[in-house]
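What follows is each chain in one-letter form.
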Amino acid sequence: VDMSLFVQDIGKGINTFDPAEFAFKHSDKKLSKERLRLLGRDKFLKLVEKVQLFPGVIEILNFGIKNNIKLGVSSNSTYSWVEINLSRLDILKIFDGVTGIDKAGKIKMKPDPDTYLKTLEKIELSASDCVAVEDSPLGVKAAKNAGLYTIAIPNKHIDPTLFGEADMIIDSIQNFPKEILQLG
């Protein structure tokens, strides 16, 4: 399957590409779409279990803790998904505020700034006192819409030119400019 079919959904929180639909269209139709969806979900969850933090993430989080910097997460995934995965990686307790979308639509998806605004409320800071780190163009737009200084770390599957709204673009969290966190 062409990776570009998956990449179009990065950062959207919802999928416009349906792998089960694609597999069904391109198969001998021996398995139903529902069965293909279940098989795909099972495979996806097994892959997610193997996901580890990028090199440098723990160092940045520890820097934040050491320097009493409040840390938050604003995600286009559901809160339960974010909570499960941050817990699995043993970093949930590090964050002062975590926001994900909800199925009721009370928190709107990026590029709407809702997730950022809710996280700012939880950590009791204003946008001018915070820095957002984003890996998707929609996330950059949401952070900017919320008034945050935004650093983009483009996903290797996304064209870096789509991150033009970011205040800064870096190629890795390992190159994160810590001095930005000490301003103000």
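Residues numbered from 1 in each chain as written. Predicted model: local features only at pLDDT ≥ 70, side-chain atom pairs only at ≥ 80, totals over all residues. Heavy atoms only, no water.

### Let's talk about the confidence of the model for the protein
Per-residue confidence for the protein gives a mean pLDDT of 83; residues scoring 70 or more make up 77%. The least confident element of the protein, judged by mean pLDDT, is helix H1 (residues 3-7) at 52; the most confident is strand S4 (residues 149-152) at 97. (pLDDT = per-residue confidence, 0-100. Helix = DSSP H or I, 4+ residues; strand = E, 2+ residues; numbered from the N terminus.)

### So, the nonpolar core
In this structure, Leu 61, Leu 86 and Phe 95 are the most contacted members of the largest nonpolar core, which totals 17 residues. Elements with a contribution of two residues or more to this core: helix H4 (57-66) and helix H5 (79-88). Here the element with the most residues in this core is H4; it accounts for three residues. If we skip the residues at most four places from it in the chain, Phe 95 touches Leu 61, Leu 71, Gly 72, Val 73 and Leu 86. Ranked by size, the runner-up nonpolar core spans ten residues in total, among them Ile 123, Ala 127, Ala 142 and Ala 143. (Core = buried A, V, L, I, M, F, W, Y, C linked by side-chain atoms within 4.5 Å. Buried < 20%, exposed > 50% of the residue type's maximum accessible area, 1.4 Å probe, protein only. Contact = heavy atoms within 4.5 Å.)

### Concerning helix H6 (residues 114-123)
Those residues of H6 that sit buried are Thr 115, Tyr 116, Thr 119, Leu 120 and Ile 123. End-on, the buried residues of H6 take up no more than an arc of 135°, which puts them together on one face. Buried residues along H6 sit against strand S1 (72-78), strand S2 (97-101), strand S3 (131-134) and helix H7 (137-145). Following H6 by one or two positions, Glu 124 adopts a phi angle in the positive range, close to 55°. (Arc of directions from axis to C-beta.)

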